[in-house]
Amino acid sequence: TGLAAGMGAGQALLVLLAASAVMPAKDPLLNICMDAKHHKTKPGPEGMLHDQCAPWKDNACCTANTSSEAHKDQSNLYNFNWNHCGLMPPKCKRHFIQDTCLYECSPNLGPWIDQADSSWRRERILHVPLCKEDCEEWWEDCKDFVTCKENWHKGWNWATGTNRCPWGSMCRPFSHVFPRPKDLCEKIWSNSYKYTTEHRGSGRCIQMWFDPAQGNPNVVVAKYYAWKKRSSPAWMENVTPETDKAVCALPWPVLVLLPLALVVLPEGAGGCGAHGWGSL
């Protein structure tokens with residue numbers, strides 16, 4: 001009976017070890033807020049997000065006040081005025097509001113957070129793969145508006161406290177400043193976005209526009225690109241040996257049970273990702 005009890009305890013230990021092995025570790029690229037001017041330190045529910053920002057209310061990096069400011073022509077968020085070359089049409093402005101909502105509210109931009117060297121934020125987004133429709137509809141609805149600048153991040157005349165066109169610049173149609181949708185999406189915010197041919201719902205591109213009743217499609221997109229980033233040689237070089245060992249050095253009984261454990265592992269869960277278990 002002592003032997004049987006010992007075997008029973010051993011089997012129980014193996015089950016516990018296997019269970020701990022398949023529990024996904026918290027991914028530092030997922031469900032996070034960037035370190036920027038108006039972002040919360042971590043995402044969470046916000047019951048009263050305003051108008052176009054409402055799709056993020058279940059899990060947001062923005063506050064209700066930030067979401068309200070995002071809709072104003074002269075917002076207190078950055079003292080930025082959309083109407084620098086005359087009145088921006090509502091059909092165009094809604095895309096810039098949506099762009100602001102995504103930037104301020106989304107907890108799904110982790111794989112593209114990069115260091116920023118500006119006085120008002122420590123982090124920014126870089127090369128977020130924007131869905132084809134989001135970019136092309138933005139361009140289509142704004143092509144007849146006029147602007148004096150290709151990059152709206154810098155180079156304005158701030159003498160009055162708000163953005164004015166720099167001396168010597170001319171107001172020209174959007175379609176001249178940004179001849180293609182790709183030019184608009186990639187150049188206007190210093191490559192924050194990357195134009196893609198991926199479609200909404202593909203799981204391969206970030207959507208500015210989505211129906212929250214169907215869930216947030218950007219969750220699975222962030223998971224996919226986080227996995228890709230973890231699998232890249234550059235990411236591997238940045239992982240400290242201690243961290244890598246802590247996550248990936250599993251006891252041999254767990255490794256023995258791993259094939260069985262992986263059969264029941266829910267899709268999207270991962271501890272070491274492709275660069276760990278994939279090489280076993």
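As annotated in an unreviewed UniProt entry, the protein chain carries the name FOLR1 protein and is attributed to Calonectris borealis. UniProt, in its Sequence similarities (unreviewed entry) section for the protein chain, records the words "Belongs to the folate receptor family."

Trainee: So what's going on with the pattern of salt bridges? Residues and values would help.
Mentor: Under the counting rule described, the total for this entry stands at 13 salt bridges. Lys40 serves as the salt-bridge partner of Glu46, at 2.8 Å between the closest nitrogen and oxygen. For Glu46, a relative accessible area of 18% gives the class buried. Under the relative-accessibility criterion, Lys40 is labelled buried at 17%. Two residues, Lys143 and Glu140, come together in a salt bridge whose shortest N-O distance is 2.8 Å. What you see here is one network of salt bridges that share partners, running through Glu150, Arg180, Asp183 and Lys187.

Trainee: Got a sec to walk through unusual backbone geometry? Specific residues and values, please.
Mentor: It is generally the case that most residues other than glycine have a negative phi and that most peptide bonds are trans. Positioned with a positive phi, Asn31 is a non-glycine residue whose angle comes to about 55 degrees. By relative accessible area, Asn31 is classed as partly exposed at 38%. Notably, Ser190 is not glycine yet its phi reads approximately 50 degrees, a positive angle. Among the structural elements, Ser190 can be located in the loop between helix H6 (181-187) and strand E6 (193-195). A relative accessible area of 17% means that Ser190 is categorised as buried.

Trainee: Quick one: what's the story with the side chain of His84, residue by residue and with numbers?
Mentor: With respect to the helices and strands, the residue His84 is situated in the loop between helix H2 (64-69) and helix H3 (90-105). With relative accessibility at 12%, the residue His84 sits in the buried group. Within the local environment of His84, its side chain forms a polar contact with the side chain of Thr147, the two groups lying 2.9 Å apart. The residues contacting His84, other than those within four sequence positions of it, are Thr147, Cys148, Trp152, Trp156, Asn163, Cys165 and Cys171.

Trainee: Now, about the nonpolar core: what can you tell me, with residues and values included?
Mentor: In this structure, Phe96, Trp138, Trp152, Phe174, Ile188, Trp189 and Tyr193 are the most contacted members of the largest nonpolar core, which totals 48 residues. When residues of this core are traced back to their parent elements, those giving at least two are H3, strand E3 (128-130), helix H4 (132-142), helix H5 (174-177), H6, E6 and helix H7 (218-231). The leading source of residues in this core is H3, at seven residues. Leaving out residues up to four positions away in the same chain, Trp138 has contacts with His95, Phe96, Asp99, Leu130, Leu184, Cys185, Ile188, Trp189, Tyr193 and Met208.

Trainee: Can you lay out the environment of Leu87 for me, pointing to particular residues and giving the numbers?
Mentor: Structurally, Leu87 can be placed in the loop between H2 and H3. Separated by 59 residues in sequence, Leu87 and Val146 have C-alpha atoms that sit 9.0 Å apart.

Trainee: Requested: an account of the confidence of the model for the protein chain, with residues and values cited.
Mentor: This prediction gives the protein chain a mean pLDDT of 78; 72% of its residues lie at or above 70. For the stretch residues 239-280, pLDDT sits under 50, and the model shows 44 contacts to residues farther than four places along the chain or on other chains.

Trainee: Explain the pairing of strand E2 (residues 121-125) to me, using residue names and the numbers behind them.
Mentor: A large share of E2 lies buried, amounting to four of its five residues. Sheet topology note: the strand E1 (residues 113-118)/E2 ladder contains four bridges and is antiparallel. Residue pairing for E2: Ile113 is matched across the bridge by Ile125.

Trainee: Tell me about H7, and please be specific about residues and values.
Mentor: Taking 1.5 Å as the rise per residue, H7 with 14 residues should run 20 Å; its terminal C-alpha atoms sit 20 Å apart, in good agreement. Every buried residue belonging to H7 is among Asn218, Val221, Ala222, Tyr225, Ala226 and Arg230, and all of these are buried. Taken down its axis, H7 places every buried residue within 165 degrees of arc, on the same side.

Trainee: Any chance you could break down the state of the cysteines for me, citing the residues and the numbers?
Mentor: In this structure the tally under the stated criterion is eight disulfides. Between Cys148 and Cys165 runs a disulfide, and the two sulfur atoms are separated by 2.1 Å. Measuring handedness by torsion sign, the sulfur bridge of Cys148 and Cys165 sits at about -90 degrees and is left-handed. Separated by 17 residues along the polypeptide, Cys148 in the loop between strand E4 (146-147) and strand E5 (172-173) and Cys165 in the loop between E4 and E5 bring together distant segments of the chain. Here the two residues Cys148 and Cys165 agree in accessibility, since each one is buried.

Rules used in this analysis
- Residues numbered from 1 in each chain as written.
- Predicted model: local features only at pLDDT ≥ 70, side-chain atom pairs only at ≥ 80, totals over all residues.
- Heavy atoms only, no water.
- UniProt positions renumbered as here; feature names shortened; annotations may be inferred.
- Salt bridge = Lys/Arg side-chain N within 4 Å of Asp/Glu carboxyl O.
- Buried < 20%, exposed > 50% of the residue type's maximum accessible area, 1.4 Å probe, protein only.
- Helix = DSSP H or I, 4+ residues; strand = E, 2+ residues; numbered from the N terminus.
- Polar contact = N/O pair within 3.5 Å; in protein donor to acceptor, adjacent residues only side chain to side chain.
- Contact = heavy atoms within 4.5 Å.
- Core = buried A, V, L, I, M, F, W, Y, C linked by side-chain atoms within 4.5 Å.
- pLDDT = per-residue confidence, 0-100.
- Pairing = 2+ DSSP bridges.
- Expected span 1.5 Å × (residues − 1).
- Arc of directions from axis to C-beta.
- Disulfide = S-S within 2.5 Å.

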